[in-house]
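Here are the chains, one letter per residue:
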Protein chains: 2
Amino acid sequence: MKALPKSLKNAISALQGLPGLGEKSATRIAMYLLDSPQERVKEFCDALLKMKQSIRRCRDCFHLSDDDLCPVCSDPARDPQQICVVETTSDLLSIEQADFFKGRYHVLGGTLDPINNISPEDLTIPQLLDRIKRDRVKEIIIATNPTQQGEATAHYLVEVLKEFPVTVTRIGVGIPMGGDLKYIDPVTIRLALEARRSFP
Amino acid sequence: MKALPKSLKNAISALQGLPGLGEKSATRIAMYLLDSPQERVKEFCDALLKMKQSIRRCRDCFHLSDDDLCPVCSDPARDPQQICVVETTSDLLSIEQADFFKGRYHVLGGTLDPINNISPEDLTIPQLLDRIKRDRVKEIIIATNPTQQGEATAHYLVEVLKEFPVTVTRIGVGIPMGGDLKYIDPVTIRLALEARRSFP
C-alpha cells in the first residue's frame, strides 16, 4: 500500500513472514509496537536474539537447552531408566503438557525416510543405543507419530532394541478423548478395536 | 512449563505479549525462529527497531511517516483541497485499502471525550483549521466512526467549520455490502432508511 511509510511496510512484511500471521494480524502487531515504548520493543527483540544465541541441543537427549544438559535431563527427579522416544521437540512439549510422564526423553530429530535418504545415522538412534547401555535403561516408550513414517521408524527401533535387555512399549493409539466415532478414520477405528481393554 | 529452556520460555512470553497471539501460536513462532538462520532473526528484529526509530507523525496530516511529510501528503497526485478527517491511522489505512479516495487526510488522534478531559486542543483540530486556511481547502469529509464519541466529534467539527468557506460532508452510514438486515442494529437500519436514494 502506497500510503504506508517504508519502515512500517518493512516491519509488516517481516512479521508476515512468521507462521500463522497474515497481513491483518501483522499490521495490528506493527501498530501495537509503534504505540509501545522504545524500551519495550528493544526488550522484545533482545528476548528473541538471546534465545537464538543461547539455545543448543541437550548432550543426552537432543531436546532444546540453554546448557549442556536440558531441564529434563538435569532434573534428578526424572527417571533416567525410562526413556520416551519422540520425533521432535514439539512432540516432547506436547507430552510434557500432559504433566504425567516422569521419565526422560530422546528426540530423534525426524523419522526414517529411505526415499529422502534419511537413515538411522541421520537421526539420533546411535546415541539412543549408547544411552541405553550407559544408564542401564529399563523401558523405552516409542512415541513416534502414528503416521506411515512414524510407524516405520517405530518398527525399526523395535528390531534394533531386540538385542538390548530393555522393555519396549508403544504409546497407545485410539479414539482421542472428546473425539467422535463418525469423524474418525477407519485405520484408527481398527487400531482402537485391537487395543480394546476389559473394564478394570 | 519446566521442560522449556529459560531463554525459549522468555521468547515465548515476549511473543505472547503481542496482540492476537496466545501460548500456542507464540510457541509455534518461537520454534520457527529457532529453526531459522541467525541472520534471518537479526533482520526481523532490525526491521522492527528501525521502524520504531524512524516513524514519526506527518507535519501536515499526523499520519505515520518516515519523513517530515507522509507518503500521502508528499504525493503531488493527491488533491490538497479535499481532506478526509479520520480518528486514527488505522482508519486511514482502511480507507486507503479501498483504493478510491484521491484527496488527503487529517488524523485527529482520537475523539472528543469531555468525561476523560479530551478537548479539541488535545486532538489535531487547531492544525486542521490552519490547513484549511493555508491550502484553501474546498471539501472536508468527516469520516469519524459512527459511534457516540465519533458522532459527537463530527457534530463539533460541523459547528466549527461553519465559519469557513468549505463544503462539509459525512461519510455514508448504512448496511455494509454483504451485510444481512436481520443482524443489523436498529440505529443503523434507521440511518440507512434516512440515507435512501432513488435508483439512478
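These lines cover the structure that appears in this document, whether it is placed above or below. (Residues numbered from 1 in each chain as written. Chains lettered and ligands numbered in written order. Predicted model: local features only at pLDDT ≥ 70, side-chain atom pairs only at ≥ 80, totals over all residues. Heavy atoms only, no water.)

## Comments concerning the sheet that holds strand E6 (residues 167-170) of chain B
Each strand in a sheet pairs with another by means of backbone hydrogen bonds, the pair being arranged parallel or else antiparallel. Residue and element names in this part refer to chain B. Sheet architecture is open: 4 strands sit in the order E4-E3-E5-E6, paired in parallel fashion. The open sheet has two edge strands with one neighbour each: strand E4 (103-107) and E6. When strand polarity is set aside, the average angle formed by the axes of neighbouring strands in this sheet is 25°. The sheet contact formed by strand E5 (residues 139-142) and E6 spans 4 bridges and is parallel. Within E6, the residue paired with isoleucine 141 across the bridge is threonine 169. Seen against the sheet, helix H4 (residues 89-97) touches strand E3 (79-86) and E4 and runs at an angle of roughly 160° to E4. (Pairing = 2+ DSSP bridges. Helix = DSSP H or I, 4+ residues; strand = E, 2+ residues; numbered from the N terminus. Axes fitted to C-alpha atoms, helices over the stretch in contact; angles between N-to-C directions. Contact = heavy atoms within 4.5 Å.)

## Details of unusual backbone geometry
Of note, asparagine 117 of chain A is a non-glycine position whose phi angle comes to about 65°, a positive value. Relative to the assigned elements, asparagine 117 of chain A resides in the loop between strand E4 (103-107) and helix H5 (125-135). Classification of asparagine 117 of chain A as exposed rests on a relative accessible area of 65%. Phi angles above zero are rare outside glycine, and aspartate 99 of chain B is one such case at about 55°. Relative to the helices and strands, aspartate 99 of chain B resides in the loop between H4 and E4. (Buried < 20%, exposed > 50% of the residue type's maximum accessible area, 1.4 Å probe, protein only.)

From the geometry alone we can't say anything about function, so treat these as descriptive.
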